[in-house]
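Coordinate analysis (summary)
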Amino acid sequence: QRITISYFAISGLDVLDRLDLLEGRRQEIVDWLFLSLICPGEGEEVSQEILQLCGFRGSPALKLSPFNLPSHSHDHGHITMTYTALASLIILGDDLSRIDRGALLAGVRALQLPDGSFRAALEGGENDMRFLYCAAAICRILGCWDGMDRAAALEFILASISYEGGIGQGPGQESHGGTTYCGVAALSMMGLLEELGEGRREALVRWCVARQGGEESSGQCAGFQGRPNKPEDTCYSFWVGATLALLGRLGHICPEASRQFVLGTQDPVTGGLAKWPDTQCDPLHTYLGLSGLAIAGEEGLSPVEPALNITVRA
């Protein structure tokens, strides 16, 4: 998963408006990202079976040949790594000219199941809302929707809205802040947000607003939780905050209370952000905490495009 961890670092620097720290190293990072690309070269004809494997690996570790095509039977793209690799490349200013867009879209399309969901990789694994989001993000970045059946994806998202109002990993599953974001952001990128209808949209807003916790009487900072009866967690300042931003209802929550919670998880030595106060910092919570603060309008941070989760500048 080195590609995705790198995305947290690269995009985090962009949100902090400190990509200048990478000057002299940008091309090196771009070239490293391309080492994980599985894609035919210009004019290279490959079979449909090979096209279905196209995408980005999680790191160059599984690459056993100098070529860009699969080097063994377990060498294939992963939809999350493909999304975060493409996002990192455009943040770094790459024009994606080294990518056969049609091949990458064929690799994405091969991962969609009949119910509209997506699995992570062709070899198997889970299929749920996370990977549907990644598919939508890839199609948006590449500027072409040939990689997915949007009507089927829409039906999967609508079927995954629970009785609570939020969105689960799939039909019949519990509402969750992360998958609620994935569903709403995918609808936004697909241009189908209005398909929610007024009733489902208001229920979604109500569920998201209820995720801000805390006790004002005790002075406890109110961050966001991912599900009812769970502790508050830094990453949901983005997952829930960005969802409300996409629904046009960010003003329904208290940004200062969320800000206090997020900053309360910062390590004074490393500077990183953690899941909870007084716990170990990590790249995911550091980046999503920064991105959540940017969504809420934190001074000194670059504005973030909530659906794609990269800066507006990128």
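Read on for a plain summary of the structure. (Residues numbered from 1 in each chain as written. Predicted model: local features only at pLDDT ≥ 70, side-chain atom pairs only at ≥ 80, totals over all residues. Heavy atoms only, no water.)

Mapped onto the elements, S302 comes out in the loop between α12 (283-295) and β5 (304-305). Of the residues examined, S302 reaches a relative accessible area of 14% and is grouped as buried. A polar side-chain atom of S302 sits 3.2 Å from the main-chain carbonyl oxygen of D14. Leave out the neighbours within four places in its chain, and S302 touches D14, V15, D17, A294 and T311. (Helix = DSSP H or I, 4+ residues; strand = E, 2+ residues; numbered from the N terminus. Buried < 20%, exposed > 50% of the residue type's maximum accessible area, 1.4 Å probe, protein only. Polar contact = N/O pair within 3.5 Å; in protein donor to acceptor, adjacent residues only side chain to side chain. Contact = heavy atoms within 4.5 Å.)

The next point concerns the packing of helix α1 (residues 2-15) against helix α2 (residues 26-34). Two elements in contact, α1 and α2, have axes whose closest approach is 11 Å; the angle formed by their N-to-C orientations is 155°. In terms of orientation, α1 and α2 fall into the roughly antiparallel class. Note on packing geometry: the crossing formed by α1 with α2 is left-handed. Here R2, I3, S6 and I10 of α1 come into contact with α2, specifically with I29, W32 and L33. Its residues assigned to classes, the contact of α1 with α2 shows five nonpolar, one polar and one charged. (Axes fitted to C-alpha atoms, helices over the stretch in contact; angles between N-to-C directions. Parallel < 35°, antiparallel > 145°, perpendicular 65-115°, else oblique. Left-handed = near helix turned anticlockwise from the far one by under 90°. Nonpolar A, V, L, I, M, F, W, Y, C, P; charged D, E, K, R; others polar.)

Let's shift gears to the packing of aromatic side chains. Where two aromatic rings form a pair, the distance of their centres and the angle of their planes describe that pair. Tallied over the entire structure, the rule returns 10 aromatic pairs. Relative to F8, the ring of Y7 has its centre 5.7 Å away and its plane inclined at 50°; by these criteria the two rings are tilted. With respect to burial, Y7 and F8 carry one shared label: buried. Judged by centre distance (5.4 Å) and plane angle (50°), the ring pair of Y133 and Y181 falls under tilted. In this pair, Y133 sits in helix α6 (residues 129-142) while Y181 sits in helix α8 (residues 177-190), placing the two residues 48 residues apart along the sequence. Summarising the burial analysis for this pair, Y133 and Y181 share the class buried. Each residue in the set Y7, F8, Y83, Y133, Y181, F238, W239 and Y287 is aromatic and connected to the rest through ring pairs, giving one cluster. (Phe/Tyr/Trp six-rings, centres within 6.5 Å; stacked < 30°, edge-to-face > 60°.)

The analysis is restricted to geometry; functional conclusions fall outside its scope.
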